[in-house]
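# Overview (structure and organization)
Single-letter residue listing:
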Amino acid sequence: MKGLKRFTANMIMGANVASIILMLLVGYSDRLNPQEHPMLSCLGLTFPAFLLINVCFLVFWAVFSLKRVIVPLLGFLLCYGPVRTYFPLNLGTAEEANLKVISYNVAGYSADEAGVRGGGLQGALDYVAQQKDADIVCLQEITLKAKDKARFQDVFPYIESQYFRTTGSGVTLLSKYPITSSEPIKYGDDDFVSKAIMLDVNGKPLMVINAHLETAGLSSSERQDFHSMVRGDKKTEVAREESKRLLVKLGAHNVVRANQVRALARYIGQHTDVPVIFCGDFNDTPISYSRYVIGQHLTDCFRESGNGLGWSFWRDAIRVRIDHIFCSSQLTPVSCKVDDSIKSSDHYPMICGLKMDGNAQK
């Protein structure tokens, strides 16, 4: 009987070790260039599953064999970087923010569909108009009409937009600080364009980049299929075919995003002399090539000052953090959170408090 128990424990231990190895490989898969490994670049989507599996092993060993708890704990230690990126825990800081920044995809591309979720585009814009203590607001999927621009100007007198050729929609920045210059950041031949805006913050320059990267490319039904596949609701053969089809599609869009994010990284690398805030809808999770590349140049504000999963997208049973705020070393992220109280869009706004040296409190 003891031999059987020992054998069973060793088998479970082996499974735990194997899951840790896979968690480690998946956690660092964000280094894979999608243009060289399009399907493998999707591995980061599975990271939360391995994270949960290791938590389950931790609980199991805590109940049945306390001395073996060291194994899942070691797994978390080995995978500390990706775990902290995906699920940060920050105790707070004594620093006091003097800049409040919001990044919010208001789902202007699908305003009618978003409307059933609580106010639609106008509901999202109403929310923005109420953020009177914000200094900078970066909006994505927005076409700012004259009436909306007029209502914002009482709070945000400086407004700059960049619209895409094919959709007529794009990105808009609202600011309490004067705009001194701006220019589009082009990725190449595709229609997606980000906008770099220079602000005068109490006599100091600040660059804000407002970005919207290539969509994940999944329809509503495909997102439902993906959710069912992850849950294991479908038969193995069907799941295998669907997973391959979805991975091919996701990988193709990852390739497009890789080109876009490298163009953005080059632009950031050319402007290291000024403080930079980078906001946007990356359409990519924390364990992704896009976030990794930008993270080599800038600080991930949620990673350094947020807590938990920070889901910013919540449509079709999919919950992920695909909206991000980054800053350069001249700024300090003090707090970062996702406001899940507003459901007018399929995204939640991300709100970040930053400290900028020399920026007097208002």
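Anything mentioned here points back to the structure above.
So, here's what we can say about the structure.

Rules used throughout
- Residues numbered from 1 in each chain as written.
- Predicted model: local features only at pLDDT ≥ 70, side-chain atom pairs only at ≥ 80, totals over all residues.
- Heavy atoms only, no water.
- Helix = DSSP H or I, 4+ residues; strand = E, 2+ residues; numbered from the N terminus.
- Buried < 20%, exposed > 50% of the residue type's maximum accessible area, 1.4 Å probe, protein only.
- Polar contact = N/O pair within 3.5 Å; in protein donor to acceptor, adjacent residues only side chain to side chain.
- Contact = heavy atoms within 4.5 Å.
- Pairing = 2+ DSSP bridges.
- Expected span 1.5 Å × (residues − 1).
- Arc of directions from axis to C-beta.
- Axes fitted to C-alpha atoms, helices over the stretch in contact; angles between N-to-C directions.
- Parallel < 35°, antiparallel > 145°, perpendicular 65-115°, else oblique.
- Left-handed = near helix turned anticlockwise from the far one by under 90°.
- Nonpolar A, V, L, I, M, F, W, Y, C, P; charged D, E, K, R; others polar.
- Core = buried A, V, L, I, M, F, W, Y, C linked by side-chain atoms within 4.5 Å.

The next thing to look at is the side chain of Ser29. Its place among the elements puts Ser29 in the loop between α1 (2–27) and α2 (47–64). Judged by its relative accessible area of 4%, Ser29 is buried. From its side chain, Ser29 meets the backbone nitrogen of Gly44 in a polar contact 3.5 Å long. Ignoring any residue separated from it by four or fewer positions in sequence, one finds Ser29 in contact with Leu43, Gly44 and Ile287.

Pairing within the open sheet is mixed, and its six strands lie in the order β5-β6-β7-β8-β10-β9. Where the open sheet ends on each side, the last strands, each with one partner, are β5 (179–186) and β9 (299–300). Across five bridges, the pairing between strand β8 (residues 276–281) and strand β10 (residues 323–327) is antiparallel. Of the residues in β10, the one forming a bridge with Ile277 is Cys327.

Moving on: α2. Across its 18 residues, α2 extends 26 Å between first and last C-alpha, which sits within 8% of the 26 Å expected from 1.5 Å per residue. Listed as buried for α2 are Phe47, Phe50, Leu51, Asn54, Phe57 and Trp61. Viewed along the axis of α2, the buried residues span an arc of 120°, placing them on a single side of the element. Within α2, the exposed residues directed more than 90 degrees away from the buried face are Leu52, Val59, Val63 and Phe64.

Attention now goes to the packing of α2 against helix α3 (residues 70–78). One can describe the packing of α2 onto α3 by two numbers: an axis separation of 8 Å at closest approach and a directional angle of 150°. The angle between the axes of α2 and α3 places the two elements in the roughly antiparallel class. α2 and α3 meet at a crossing whose hand is left-handed. Across the interface between the two elements, Leu51, Asn54, Val55, Phe57, Leu58 and Trp61 from α2 touch Pro72, Leu73, Gly75 and Phe76 from α3. Among the residues forming the contact of α2 with α3, the class breakdown is eight nonpolar, two polar and no charged.

Here we come to the nonpolar core. Core analysis: the largest hydrophobic core is formed by 26 residues, its most contacted members being Ile136, Leu199, Leu206, Ile277 and Leu354. Ranked by the residues each element gives to this core, the list is headed by strand β12 (residues 350–356), at four residues. With sequence-adjacent residues up to four places away left out, Leu354 is seen in contact with Ala97, Asn98, Leu99, Val101, Ile277, Cys301, Cys327, Leu331, Thr332, Pro333 and Val334. Judged by nonpolar contacts, the second largest core, of 25 residues, contains Tyr187, Met198, Leu298 and Phe326.

This part covers the pairing of β12. In terms of burial, β12 is largely enclosed, as six of its seven residues are buried. In this sheet, β12 lies alongside strand β1 (residues 99–105) in antiparallel orientation, the contact comprising five bridges. Within β12, the residue paired with Ile102 across the bridge is Ile351. The pairing of strand β11 (residues 331–338) with β12 spans seven bridges and is classified as antiparallel. Looking at the pairing, Leu331 lines up with Met356 of β12.

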